[in-house]
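Topology and contacts: notes
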Amino acid sequence: DVKVTQSSRYLVKRTGEKVFLECVQDMDHENMFWYRQDPGLGLRLIYFSYDVKMKEKGDIPEGYSVSREKKERFSLILESASTNQTSMYLCASSALGQGAYYGYTFGSGTRLTVV
Amino acid sequence: DQQVKQNSPSLSVQEGRISILNCDYTNSMFDYFLWYKKYPAEGPTFLISISSIKDKNEDGRFTVFLNKSAKHLSLHIVPSQPGDSAVYFCAPINTDKLIFGTGTRLQVFP
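A brief report on the enclosed structure follows. (Residues numbered from 1 in each chain as written. Chains lettered and ligands numbered in written order. Predicted model: local features only at pLDDT ≥ 70, side-chain atom pairs only at ≥ 80, totals over all residues. Heavy atoms only, no water.)

1. So, the state of the cysteines
Residues and elements named next belong to chain A. As enumerated under the stated definition, the model contains 2 disulfides over all chains in all. The side chain of Cys 23 participates in a disulfide bridge whose partner is Cys 91; the two sulfur atoms lie 1.9 Å from each other. On the S-S bond that ties Cys 23 to Cys 91, the torsion sits near -75°, and the link is left-handed. Of this pair, Cys 23 sits in strand 3 (residues 19-25) while Cys 91 sits in strand 9 (residues 87-94), placing them 68 residues apart in sequence. (Disulfide = S-S within 2.5 Å. Helix = DSSP H or I, 4+ residues; strand = E, 2+ residues; numbered from the N terminus.)

So, in structure tokens, the structure goes:
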């Protein structure tokens, strides 16, 4: 069974901390994405990557950065966590050009609380 | 600027009846439209999609209708089952990026 694995289900961090959220996929997908989900706002795209070392800003990149050193791994970094970054973070992947036909595969999410 | 709107935050339907979830969009360049289902504490799962050149796509109990002139699509679930209770997201795709709506929480009661 193909999978997208997010390293943590729940995280609690302090304001100002640097936070790393890790995502690994085993499907050899080119595309990887980070979204956050907030009540009433749906899923909003933070960053995405079409290939190793490539990254593109999504709709809400402020306060975040990403790293893609290997094809299977896409990391989201909160440079200095703030309370308004408390959210559910979802990682997804898709094969290049196939997202419309097969959709994205999502991980189970990381619930991050910043206190 | 909300490109994708799901104006009903919640919907309650009796088991066995039809559930209709609606979605409006503004960008006429979307070429595919997907529906995702999400249970609490899980990632969204792909349900069904439709190409912009079609007006209907059916898969078992799920049918999606697309009205391009009105920039509107809907998901019909017939018959609705308690296991269908979840949040449903409309998600058009453009250049391999999904843009999600705000979601509709469907509750199917016995």
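2. Things to note about the nonpolar core
Ranked by internal contacts, the top residues of the largest apolar core, which has 23 residues, are Trp35(B), Leu73(B), Leu75(B) and Tyr88(B). Leaving out residues up to four positions away in the same chain, Leu73(B) has contacts with Leu21(B), Asn22(B), Cys23(B), Tyr25(B), Phe33(B), Trp35(B), Val64(B), Phe65(B), Leu66(B) and Cys90(B). Within the second largest apolar cluster, 21 residues are counted, among which are Met27(A), Trp34(A), Phe74(A) and Ala81(A). (Core = buried A, V, L, I, M, F, W, Y, C linked by side-chain atoms within 4.5 Å. Buried < 20%, exposed > 50% of the residue type's maximum accessible area, 1.4 Å probe, protein only. Contact = heavy atoms within 4.5 Å.)

3. Considering the interface of chain B and chain A
Taken together, the 19 residues of chain B in the interface contact 26 residues of chain A. Approximately 1,700 Å² of surface area, both sides summed, lies buried where chain B meets chain A, with 57% of it carried by carbon and sulfur atoms. Along the contact surface separating chain B from chain A lie 0 salt bridges. Taken together, the links from chain B to chain A amount to 6 residue pairs in polar contact (both at pLDDT 80 or more). The set of elements that each furnish at least two residues to the side of chain B that touches chain A consists of strand 4 (32-38), strand 5 (45-51), strand 9 (86-94) and strand 10 (97-98) of chain B. For the side of chain B that touches chain A, the leading source of residues is strand 4 of chain B, giving 4 residues. Each residue belonging to the side of chain B that touches chain A can be placed in one class, and the counts come to 10 nonpolar, 5 polar and 4 charged. (Buried area = accessible area lost by both parts, 1.4 Å probe. Salt bridge = Lys/Arg side-chain N within 4 Å of Asp/Glu carboxyl O. Polar contact = N/O pair within 3.5 Å; in protein donor to acceptor, adjacent residues only side chain to side chain. Nonpolar A, V, L, I, M, F, W, Y, C, P; charged D, E, K, R; others polar.)

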